[in-house]
Amino acid sequence: MLDLVSVILPVFVVVGAGYLAAWRRMMSDAAIDGLTKFAQTWALPLLLARGISELDLSRSFDAGLLLSYYAGALICGALAYVGARALLDRPPADSVTIGFGCMFGNIALLGLPITQRAYGDAALADNFAIISIHSPLLYTIGILAMEAVRSSGTGSGLLRVGARALRGVLRTPLVMGIMFGFLLQAFRALTGLAVPELVTATMNMMAGAALPAALFGLGGILYRYRPEGDIRAIAGMTALSLVIHPAISWGMGTWMDLEASQMRSLVISAAMAPGVNAYIFANIYGVAKRVAATAVLAATALSMFTAAAWLAILP
């Protein structure tokens, strides 16, 4: 139990420090926003680029691993959408936002540091494989779904909706970082040369700041969220994200006979709370913002305990 506390607690202490800094006005909202923008626009994309550039693609991109994670994500997103429409009588746009929040877990800001602290840097390869298609796939699905319900009855064609989704995804800094990582992979494969030291040294410096800056900024942003909104929707999002998604992924990963190291990255990633991107998505479209914000806050707090529970039962 003490080992689990030593793994989980430092991650949430950094989040709590950011929350405290915002609460006690030790840092202004502008300072928190600047730190978060640095982390999400520069440091985290370069951390992902470095990780993906070093992946053994033949091993890391295991179909069973990716299917086990994303089947769980899509099932939870669909359940959330149907539940919001049929049980809570939420409008279609609200329901898409709630479903997106259940799909888009915080696997970079929380999943990476928890895996790193629990199993070391070498364990992150499978996390990076999952993350490499996380934003491109789930943002595309979310934007397509939202544009489809918003354009219903307006005569907008599927091609136009798809073009909007593609533009939105390609402008995302994390997606740019992922693409840069694959570009470095291609450079090495085509030329047989190592990536220049200037590039790797710069990436290492920026990547070293990514996780602490992102966690601290996350805490500062969470302070702004006030617990409000439809408690049933919030409870549903929290349960789907922290319990149902990892349970589905665990079951599928076991059925597909994944290795122990893959199961660790798979279940920890699946067990993460909805990410800040869930609120950003809601804010972009101006729907279900209170539900998304409170679900991020509540699920992030609860994930300290649920993540410890999943770690305890992992091989």
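Our subject is the structure that appears above.
The notes below deal with the structure included here. (Residues numbered from 1 in each chain as written. Predicted model: local features only at pLDDT ≥ 70, side-chain atom pairs only at ≥ 80, totals over all residues. Heavy atoms only, no water.)

### What to know about the overall build of the chain
Part 1 of the reasoning: When helices and strands are tallied, the chain shows 16 helices and zero strands.
Part 2 of the reasoning: The globule rule puts the C-alpha radius of gyration for 315 residues at 20 Å, and the 19 Å found for the chain is close to it.
Part 3 of the reasoning: Summarising its shape, the C-alpha atoms of the chain cover approximately 55 × 50 × 45 Å along the three principal directions.
Part 4 of the reasoning: Considering the chain as a whole, with its 315 residues, one finds that 50% of them fall into the buried category.
Part 5 of the reasoning: Contacts in the chain between residues far apart in sequence, at least 24 positions, make up 83% of those at least 6 positions apart.
Part 6 of the reasoning: Roughly 13900 Å² of accessible area belongs to the chain as shown, and the carbon and sulfur atoms make up 67% of that amount.
Part 7 of the reasoning: Of the side-chain charges in the chain, 20 are positive and 16 negative, and the distance between the mean point of each set is 12 Å. (Helix = DSSP H or I, 4+ residues; strand = E, 2+ residues; numbered from the N terminus. Rg over C-alpha atoms; globule rule 2.2 N^0.38 Å. Buried < 20%, exposed > 50% of the residue type's maximum accessible area, 1.4 Å probe, protein only. Contact = heavy atoms within 4.5 Å. Areas by Shrake-Rupley, 256 points an atom, 1.4 Å probe, with all protein chains shown as cover. Lys, Arg positive; Asp, Glu negative; His and termini not counted. Charge placed at Lys NZ, Arg CZ, Asp CG, Glu CD.)

### Remarks on empty space enclosed by the protein
Part 1 of the reasoning: This structure, assessed with the given rule, holds one cavity of 30 Å³ or more.
Part 2 of the reasoning: Here the largest cavity is characterised by a volume of approximately 30 Å³.
Part 3 of the reasoning: Lining the largest cavity are Thr36, Ala39, Gln40, Leu109, Ala214, Gly217, Leu218, Ile221 and Val276.
Part 4 of the reasoning: Looking at the lining of the largest cavity, the elements with two or more residues in it are α2 (29–53) and α12 (210–224).
Part 5 of the reasoning: Here the lining of the largest cavity is built from residues that sort into six nonpolar, three polar and no charged. (1 Å grid on protein atoms, 1.4 Å probe; cavity = no way out; pocket = protein on both sides within 12 Å on 5 of 7 lines; lining within 4 Å. Points joined across faces, edges and corners; volume = space filled by probe spheres on them. Nonpolar A, V, L, I, M, F, W, Y, C, P; charged D, E, K, R; others polar.)

### Brief notes about the packing of helix α13 (residues 231–255) against helix α14 (residues 260–270)
Part 1 of the reasoning: Interhelical geometry of α13 versus α14 gives an angle of 155 degrees and a closest axis separation of 8 Å. As far as their axial angle goes, α14 and α13 are roughly antiparallel. Relative to α14, α13 is oriented so that their crossing is right-handed. On α14, the residues touching Ser241, His245, Pro246, Ser249, Trp250, Gly253 and Thr254 of α13 are Met263, Leu266, Val267 and Ala270.
Part 2 of the reasoning: Counted by class, the contact of α13 with α14 contains six nonpolar, five polar and no charged residues. (Axes fitted to C-alpha atoms, helices over the stretch in contact; angles between N-to-C directions. Parallel < 35°, antiparallel > 145°, perpendicular 65-115°, else oblique. Left-handed = near helix turned anticlockwise from the far one by under 90°.)

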